[in-house]
Amino acid sequence: QVQLVESGGGLVQAGGSLRLSCAAVGRTFSSYSMGWFRQTPGKEREFVAAIAWFGNSYYADSVKGRFSISRDNAKNTVYLQMNSLKPEDTAVYSCAAGETGNTPRLRATSGYDYWGQGTQVTVSS
């Protein structure tokens, strides 16, 4: 069992930056691939970024070049650095943990077994 707690969300102006954190409690963090997803009302959860347990990172086209995912296995934490934020980035951001290392599954909600409660990110224009 893994428990995930996100933090770092908030209100920011367009062009600004935020860093989200996701702290994991439970089984060996380093053996899990970690992902960030986002969701807006009435829409399905959308892949944002993932970092595999072996270190490779993956991004949605919409955030590539603006967002950066990283992990600190010593702190059991994964981060999402978000720069050049746009109003369309407004969403609830959730982190997730899964044992898969398969690239397509890392981009899908089905690739993850554990989810955090989410943190709201609002970007004003």
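What you see is a predicted model; the values in this text were computed from it and never measured.

What to know about the packing of aromatic side chains
Here's step 1: The final tally for this structure, using the stated rule, is six aromatic pairs.
Here's step 2: Consider the rings of Phe37 and Tyr112, whose centres lie 5.4 Å apart with planes at 80°: the pair is edge-to-face. Residue Phe37 is located in strand S4 (residues 33–39), and its partner Tyr112 is located in the loop between helix H1 (103–106) and strand S10 (114–115); the two are separated by 75 residues in the primary sequence. This pair shows no difference in class: Phe37 is buried, exactly as Tyr112 is.
Here's step 3: Ring plane angle 90° and centroid distance 5.1 Å describe the contact between Trp53 and Phe54, whose orientation is recorded as edge-to-face.
Here's step 4: Following the ring pairs from residue to residue traces out a cluster consisting of Phe37, Phe47, Tyr112 and Trp115.
Here's step 5: Against the face of Trp115 rests Arg45, its NZ or CZ located 4.2 Å from the ring centre.
Here's step 6: Against the face of Phe29 rests Arg71, its NZ or CZ located 4.6 Å from the ring centre.

Quick look at the sheet that holds strand S7 (residues 67–72)
Here's step 1: With respect to topology, four strands assemble into an open sheet ordered S1-S3-S8-S7, the strand pairing being antiparallel. Both edges of this open sheet fall to strand S1 (2–7) and S7, since each of them pairs with a single strand only. Between one strand axis and the next, the sheet turns by 15° as a mean value, whatever way the strands run.

A closer look at the state of the cysteines
Here's step 1: Here the structure, examined in full by the defined rule, presents one disulfide.
Here's step 2: There is a disulfide in this structure between Cys22 and Cys95, and the S-S distance comes to 1.9 Å. Because the torsion about its S-S bond is 50°, the bridge between Cys22 and Cys95 counts as right-handed. Here Cys22, found in strand S3 (residues 18–26), pairs with Cys95, found in strand S9 (residues 91–98); they are 73 residues apart in sequence, far enough to count as distant.
Here's step 3: With relative accessibility at 0%, the residue Cys22 sits in the buried group.
Here's step 4: What makes Cys95 buried here is its relative accessible area of 0%.

Parameters and conventions
- Residues numbered from 1 in each chain as written.
- Predicted model: local features only at pLDDT ≥ 70, side-chain atom pairs only at ≥ 80, totals over all residues.
- Heavy atoms only, no water.
- Phe/Tyr/Trp six-rings, centres within 6.5 Å; stacked < 30°, edge-to-face > 60°.
- Helix = DSSP H or I, 4+ residues; strand = E, 2+ residues; numbered from the N terminus.
- Buried < 20%, exposed > 50% of the residue type's maximum accessible area, 1.4 Å probe, protein only.
- Lys NZ or Arg CZ within 6 Å of the ring centre and 35° of its normal.
- Pairing = 2+ DSSP bridges.
- Axes fitted to C-alpha atoms, helices over the stretch in contact; angles between N-to-C directions.
- Disulfide = S-S within 2.5 Å.

Any functional reading would require information beyond the geometric quantities listed.
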